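# Structural characterization, general
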Amino acid sequence: MSTNPAAASIEPERDLKIPRHIGVIMDGNGRWAQQRGLGRSEGHRAGVEAVRRIVGLARDYGVECLTLFSFSAENWRRPPDEVRFIFSLLRRFVASDLDKLDQSNVRIRIIGERDGLERGLRGIIDEVETRTRDNTGLDLIIAFNYGAKVEIVNATRAIARKVAAGELAPEEIDEATVAHHLDTSGLPDPDLILRTSGEMRLSNFLLWQSAYAELVFVPENWPDFDESVFVRALRTYTERDRRFGGIRT
Ligand code: IPE
Ligand code: IPE
Ligand code: MG
């Protein structure tokens with residue numbers, strides 16, 4: 001329970017602080033399916049419905065950026081059939097939802113390693129980004145084949161190349177230089193990282209960008225994510241005292 005005396009008076013619509021950027025680690029699809037005697041694929045399929053729900057909620061509540069962790073660089077360790085199924089879900093999601101997302105003014109960006117993805121999928125990613133590039137509503141970032149450490153290595157290499165070419169002096173490298181070379185360049189850092197399924201770790205998600213994010217872990221598995229879970233997470237976020245190293249004045 002909260003120790004904040006103001007917490008009891010918070011009402012969902014009026015008093016909630018809305019994070020500019022929410023990052024979501026959508027975890028627990030497998031366990032959701034297992035609990036129902038279903039195969040893991042059914043959990044992933046149900047997870048897509050929860051993706052649709054959170055995109056609608058983010059828009060309704062005025063969130064600017066929503067980053068969804070969909071497939072990690074480490075998820076290649078899973079059986080090939082499961083990996084293939086997750087990839088096919090991304091393809092099907094784009095086929096079924098892109099028109100509607102575009103009409104809703106959602107701008108989509110996909111972050112993560114493109115090398116290593118098959119050409120067809122890379123084409124789909126390009127199409128999604130090109131189609132929605134000029135939209136001005138919700139920024140939807142899909143982290144697919146994404147790992148924060150690889151992202152930081154890639155940024156380091158790009159910066160090193162500029163130094164080697166004489167375009168940049170080592171002394172000129174600052175936090176903004178690094179941020180600019182990450183996949184998330186131009187986006188605000190996440191204010192809230194939300195993870196479902198009760199696991200309390202970041203699993204290589206947005207490590208640089210989350211330096212001052214509030215971390216909220218909820219017990220529900222991802223396919224059970226709905227407005228009540230969302231509002232509860234926002235309430236927890238609202239009750240947090242974000243000091244950024246300073247003190248309350
Ligand atoms: C999250 O659910 C989806 C992905 C990682 C692709 P999981 O598949 O990790 O579900 P659990 O953690 O095994 O329950
Ligand atoms: C993190 O979930 C990756 C995604 C949600 C896409 P995992 O289920 O892969 O993470 P671990 O293995 O429990 O750390
Ligand atoms: Mg998991």
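Residues numbered from 1 in each chain as written. Chains lettered and ligands numbered in written order. Predicted model: local features only at pLDDT ≥ 70, side-chain atom pairs only at ≥ 80, totals over all residues. Heavy atoms only, no water.

### A few points about the layout of surface pockets
Which entries qualify depends on this criterion: Only protein atoms enter the 1 Å grid, on which a cavity is a set of points fitting a 1.4 Å probe that cannot get out and a pocket is an open set with protein on both sides within 12 Å along at least 5 of 7 lines, lining residues being those with an atom within 4 Å of a point. Grid points are joined across faces, edges and corners, and a volume is the space filled by probe spheres set on the points. Each helix corresponds to a stretch of at least 4 residues labelled H or I by DSSP, and each strand to a stretch of at least 2 residues labelled E; elements are numbered beginning at the N terminus. Here the nonpolar group is Ala, Val, Leu, Ile, Met, Phe, Trp, Tyr, Cys and Pro; Asp, Glu, Lys and Arg are the charged ones; every other residue, Gly included, is treated as polar.
In this model, the largest pocket occupies a volume close to 700 Å³. Lining the largest pocket are 32 residues, and of these Met-26, Asn-29, Phe-69, Ser-70 and Phe-71 lie nearest its centre. Computed from the structure, the second largest pocket encloses a volume of approximately 300 Å³. Along the wall of the second largest pocket there are 20 residues; nearest its centre are Ala-179, Asp-189, Trp-208, Gln-209 and Ala-211. It is helix α7 (residues 175-181) that provides the largest number of residues to the lining of the second largest pocket, a total of 3 residues. Split into classes, the residues belonging to the lining of the second largest pocket amount to 10 nonpolar, 6 polar and 4 charged.

### Some thoughts on the packing of helix α3 (residues 40-61) against helix α8 (residues 227-239)
Keep this limit in mind: Structural elements are reduced to axes, namely lines fitted to C-alpha atoms, with helices fitted over the stretch in contact, and the angle between N-to-C directions of any two is expressed from 0 to 180 degrees. Angle categories are assigned with fixed cut-offs, so that under 35 degrees is roughly parallel, over 145 is roughly antiparallel, 65 to 115 is roughly perpendicular, and the rest are oblique. Rotating anticlockwise by less than a right angle from the far helix to the near helix defines a left-handed crossing, while the corresponding clockwise rotation defines a right-handed one. Contact criterion: two residues are considered in contact whenever any of their non-hydrogen atoms come within 4.5 Å of each other.
At a minimum axis distance of 10 Å, the contact between α3 and α8 shows a crossing angle of 50°. The pairing of α3 with α8 is recorded here as oblique in orientation. The crossing of α3 and α8 is right-handed. In this structure, α3 contributes Ile-54, Leu-57, Ala-58 and Tyr-61 to the contact, and α8 contributes Glu-227, Phe-230, Val-231 and Leu-234.

### Quick notes on the site of ligand 1
For clarity, the cut-off: Proximity is defined per residue: any heavy atom of the residue falling within 4 Å of a molecule or strand makes that residue near it. What qualifies as a polar contact is a pair of N or O atoms within 3.5 Å, subject to a donor-acceptor requirement within protein and to the restriction that residues adjacent in sequence count only when both atoms come from side chains. Surface exposure here means Shrake-Rupley accessible area, sampled with a 1.4 Å probe, where a residue is shielded only by the protein chains that are shown.
Neighbouring residues of ligand 1: Met-26, Asp-27, Gly-28, Asn-29, Gly-30, Arg-31, Arg-40, His-44, Ser-70, Asn-75, Arg-78 and Ile-86. Between ligand 1 and the protein, one listed contact pairs an oxygen atom with a backbone N or O atom of Gly-28 at 3.3 Å. At 3.1 Å, a backbone N or O of Asn-29 approaches an oxygen atom of ligand 1. Bound to the protein, ligand 1 loses 86% of the 370 Å² it would expose on its own.

### Describing the packing of α3 against helix α4 (residues 80-103)
Two elements in contact, α3 and α4, have axes whose closest approach is 11 Å; the angle formed by their N-to-C orientations is 30°. Comparing the axis directions of α3 and α4 gives the class roughly parallel. Helix-helix and strand crossings are classified by hand; for α3 and α4 the assignment is right-handed. Contact with α3, carried on its side by Arg-40, Ser-41, His-44, Arg-45, Val-48, Val-51, Arg-52 and Val-55, involves Glu-82, Phe-85, Ile-86, Leu-89, Arg-92, Phe-93, Ser-96, Asp-97 and Leu-101 of α4 and no other residues of that element. Here the contact of α3 with α4 is built from residues that sort into 8 nonpolar, 3 polar and 6 charged.

### Points about the pairing of strand β1 (residues 21-25)
To keep things clear, this is the line we draw: When accessible area is computed with a 1.4 Å probe and restricted to protein chains, residues below 20% of their type maximum are described as buried, those above 50% as exposed, and intermediate ones as partly exposed. Strands qualify as paired when DSSP identifies two bridges or more between them.
Of all 5 residues that make up β1, 5 are buried, and the element is covered over most of its length. Residues His-21, Gly-23 and Ile-25 line one face of β1 and the alternating positions Ile-22 and Val-24 line the opposite face, and both faces are buried. Where β1 lies against strand β2 (residues 65-72), 5 bridges are found, and the strand directions are parallel. Counted as the bridge partner of Val-24 is Leu-68 from β2. Across 4 bridges, β1 lies against strand β5 (residues 192-195) in parallel orientation. Bridge pairing links Ile-22 to Leu-192 in β5.

### Some details on the nonpolar core
Put simply, the rule reads: Here, the term nonpolar core denotes a set of buried Ala, Val, Leu, Ile, Met, Phe, Trp, Tyr and Cys residues that are joined through side-chain atoms within 4.5 Å.
Judged by nonpolar contacts, the single largest core of 50 residues is most densely connected at Leu-66, Ile-108, Phe-144, Phe-225 and Phe-230. When near neighbours in sequence (up to four residues on either side) are disregarded, Leu-66 contacts His-21, Ile-22, Val-24, Ile-54, Val-55, Ala-58, Leu-138, Asp-139, Leu-140 and Ile-141. Ranked by size, the runner-up nonpolar core spans 13 residues in total, among them Cys-65, Ile-111, Ile-141 and Tyr-146.

### Points about α4
An α-helical turn contains 3.6 residues, so a residue and the one three or four places further along point in the same direction. The condition is simple: Multiplying one less than the number of residues by 1.5 Å gives the expected span of a helix. One axis is fitted to the seven residues ending at the residue and one to the seven starting there. The bend at that residue is the angle between these axes.
Here α4 is 24 residues long and its end C-alpha atoms lie 35 Å apart, about the 34 Å a rise of 1.5 Å per residue gives. In α4, a bend of some 55° at Asp-97 exceeds every other bend along the element.

### Examining helix α6 (residues 148-164)
The test is simple: It is the directions from the helix axis to the C-beta atoms whose arc is reported.
Taking 1.5 Å per residue, 17 residues should reach 24 Å; α6 reaches 24 Å between its end C-alpha atoms and fits that length. Considered for burial, the residues of α6 that qualify are Ala-148, Glu-151, Ala-155, Ala-158 and Ile-159. End-on, the buried residues of α6 take up no more than an arc of 95°, which puts them together on one face. Set apart from the buried face of α6 by more than 90 degrees, the exposed residues are Lys-149, Arg-157, Arg-161 and Ala-164. Where the residues of α6 are buried, they touch β4 (139-146) and α7. Directly beyond the C-terminal end of α6, a positive phi value near 80° is found at Gly-166.

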